Amino acid sequence: MSLTLLFSAPDRIWPDYEAALPKALAAAGIEAELTREASPETVDYIVYAPNDELTDFTPFTHAKAVLSLWAGVERIAPNKTLTQPLCRMVDDGLALGMRDYVVGHVMRYHLGMDRHIHGLKGVWDHLTPPLAKDRPVTVLGLGELGQACALALAGLGFKVTGWSRRPKEIEGLTCVSGPEGLKKALATAEIAVLLLPNTPATENTLNAETLALMPKGACIVNPGRGTLIDDEALLVALDSGQIGHATLDVFRVEPLPTDHPYWSHPHVTVTPHIAAETRANTASEVIAENIRRSEAGEPLLHLVDRTAGY
Ligand code: NDP
Ligand code: OXD
């Protein structure tokens, strides 16, 4: 019997999934109709990305799972009308994209590239950057994306410390956890990369107190979520020189309002939530595999822990 898949995601991405998802479903041996509109009680699975249309899941009485196209699920995980299992996106496209973004921006700071790109013309400014092996970098969050970035940086020779909620042992990284672990991770963080999810526990992880723990002039790369940073505290730290520069991809309000001080701050680089994009081809394979599993009675991949919020 053919399944009904409701695609509840912004219009912008529909053409890519309209092409990729039916192919992935067919390859997984699943007969399904992919639709943007259906009577709720007929829907078997919901493919979801944050949009304003679907906020009440109550009428989807037969839906077996909600499959998120996003890795971050803060906009759907707390939804009390959602009683079905919620799976988030974990795929190679996201991990590789994030790795490229993070390595690029860490390298910019490590090599002091701005010094020469924006340097005084005609000045022979001979300052040798340290080697990666002498540069401590901290990655907050050692999940799918944090780990991919931390290991790539360690592979380039950086001294990488990673912080997570639960204790971990990962070859090539110094792993710490808990509040004391955060202090340790920040104390050496000449460059800090934020790849934590947005949950009540991670809100303002970087605040006046924790920013002050970092080495003077440290740099921050935040492709995680805007809520991880207390914006006021960061602006104060940037103005005092405690933080040398911040590259921010995510914000409490997106798009970042045009009058927000980050846009014009000389020590902030704003990127418009482009660190890692879910790619339709690889994401469709993940969705199809989860539907196959669900139909076969096998455990779903990448289930969200709704209590932890990620
Ligand atoms: P994961 O769920 O795989 O990893 C999350 C990591 O954060 C885990 O290591 C987890 O610890 C840690 N963590 C969670 N809560 C805490 C806490 N209270 N204290 C310390 N550590 C904590 O997520 P991903 O790596 O897949 O993604 C991370 C985030 O990246 C997403 O939630 C999303 O917000 C963002 N993102 C941004 C994109 C962009 O384009 N800018 C694209 C995709 C994702 P533990 O391992 O112990 O569970
Ligand atoms: C995500 C994102 O969470 O793109 O997948 O931010």
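Everything numeric here is computed off the predicted structure, so don't read it as measured data. Residue indices follow the written sequence of each chain, beginning from 1 at its first position. Starting at A for chains and at 1 for ligands, labels are handed out in the order in which the entities are written. Given that this is a predicted model, residues contribute local features only at a pLDDT of at least 70 and side-chain atom pairs are listed and counted only at 80 or more, while totals for whole chains, interfaces and linings are drawn from all residues. As a convention, hydrogens and water are excluded, and side-chain values are obtained from all of the structure's heavy atoms.

A. Seen up close, the overall build of the protein. Where helices and strands are cited, they refer to DSSP runs of H or I of at least four residues and of E of at least two residues respectively, numbered from the N terminus. Scanning the protein for helices and strands turns up nine helices and twelve strands. A compact globule built from 310 residues would reach a C-alpha radius of gyration of about 19 Å, and the protein, at 21 Å, matches this within 12%. With the C-alpha coordinates aligned to their principal axes, the bounding extent of the protein is approximately 70 × 40 × 35 Å. A burial count over the protein gives 50% of its 310 residues as buried. Long-range pairs, those at least 24 residues apart, make up 63% of the contacts in the protein with a sequence separation of at least 6. Taken as a whole, the protein presents about 15,500 Å² of accessible surface, with 56% of it coming from carbon and sulfur. Just so you know, the count uses Lys and Arg for positive and Asp and Glu for negative, and it drops His and the chain ends. Note that the charge is assigned to NZ on lysines, CZ on arginines, CG on aspartates and CD on glutamates. Both charge centroids of the protein, one from 26 positive and one from 38 negative side chains, sit 7 Å from each other. The globule rule used here is 2.2 Å times the number of residues to the 0.38 power, and the radius of gyration it is set against is calculated over C-alpha atoms. For every residue, the accessible area obtained with a 1.4 Å probe (protein chains only) is divided by the maximum for its type, and the residue is called buried under 20%, exposed over 50%, and partly exposed between those limits. By the convention used here, residues are in contact when the closest approach between their heavy atoms is within 4.5 Å. We get accessible surface area from the Shrake-Rupley algorithm with a probe of 1.4 Å; when it comes to residues, only the shown protein chains can shield them.

B. Local environment of the site of ligand 1. Looking at ligand 1, there are 30 residues lining it, with Arg 88, Leu 145, Arg 166, Lys 168 and Tyr 310 nearest. Within the contact set of ligand 1, an oxygen atom lies 2.7 Å away from a side-chain nitrogen or oxygen of Lys 168. Throughout this description, a polar contact denotes any pair of N or O atoms lying within 3.5 Å of each other; where both atoms belong to protein, one of them has to be capable of donating a hydrogen while the other can accept it, and for residues adjacent in sequence the pair is counted only when both atoms sit in side chains. Separating a nitrogen atom of ligand 1 from a backbone N or O atom of Pro 223 is a distance of 2.9 Å. Expressed as a share of its isolated accessible area of 940 Å², the protein-covered part of ligand 1 is 94%. Counting residues per element, the ones that place at least two in the shell around ligand 1 are helix H2 (92–111), helix H4 (144–155) and strand S7 (159–164). No other element matches H4, which puts three residues into the shell around ligand 1. For this classification, Asp, Glu, Lys and Arg are treated as charged, while Ala, Val, Leu, Ile, Met, Phe, Trp, Tyr, Cys and Pro are nonpolar and the rest, including Gly, are polar. Residues of the shell around ligand 1, tallied by class, amount to 15 nonpolar, eight polar and seven charged. Each domain's extent is set by a domain assignment, obtained either automatically or from a database. When residues of the shell around ligand 1 are sorted by domain, at least three fall in each of domain 1 (3–91 + 278–295) and domain 2 (92–270). Residues are counted as near a molecule or strand when any one of their heavy atoms sits within 4 Å of it.

C. Region of the structure containing the domain arrangement of the protein. Domains assigned within the protein are domain 1 (3–91 + 278–295) and domain 2 (92–270). Defined here as a combined quantity, buried area equals the accessible surface (1.4 Å probe) lost by two parts on assembly, summed across both. Summed over both partners, the interface of domain 1 with domain 2 comes to about 760 Å²; 53% of that surface belongs to carbon and sulfur atoms. Of all residues in domain 1, Glu 74, Asp 91 and Arg 279 bury the most surface against domain 2, accounting for 56% of the area lost on that side. One side-chain nitrogen of Lys or Arg within 4 Å of one carboxyl oxygen of Asp or Glu is enough to make a salt bridge. Linking domain 1 with domain 2 are one salt bridge. As a salt-bridge pair, Glu 74 and Arg 225 come within 2.6 Å of each other at their nearest N and O atoms. Taken together, the links from domain 1 to domain 2 amount to four residue pairs in polar contact (both at pLDDT 80 or more). Taken together, the residues of the side of domain 1 that touches domain 2 sort by class into four nonpolar, three polar and four charged.

D. Quick look at the site of ligand 2. Close to ligand 2 lie Trp 70, Ala 71, Gly 72, Arg 225, His 273 and Ala 276, which account for all nearby residues. Ala 71 places a main-chain nitrogen or oxygen 2.8 Å from an oxygen atom of ligand 2. Here Gly 72 contributes a backbone N or O atom positioned 2.7 Å from an oxygen atom of ligand 2. About the coverage of ligand 2: the protein hides 88% of its 210 Å² of free accessible area. Of the residues assigned to the shell around ligand 2, the class counts are three nonpolar, two polar and one charged.

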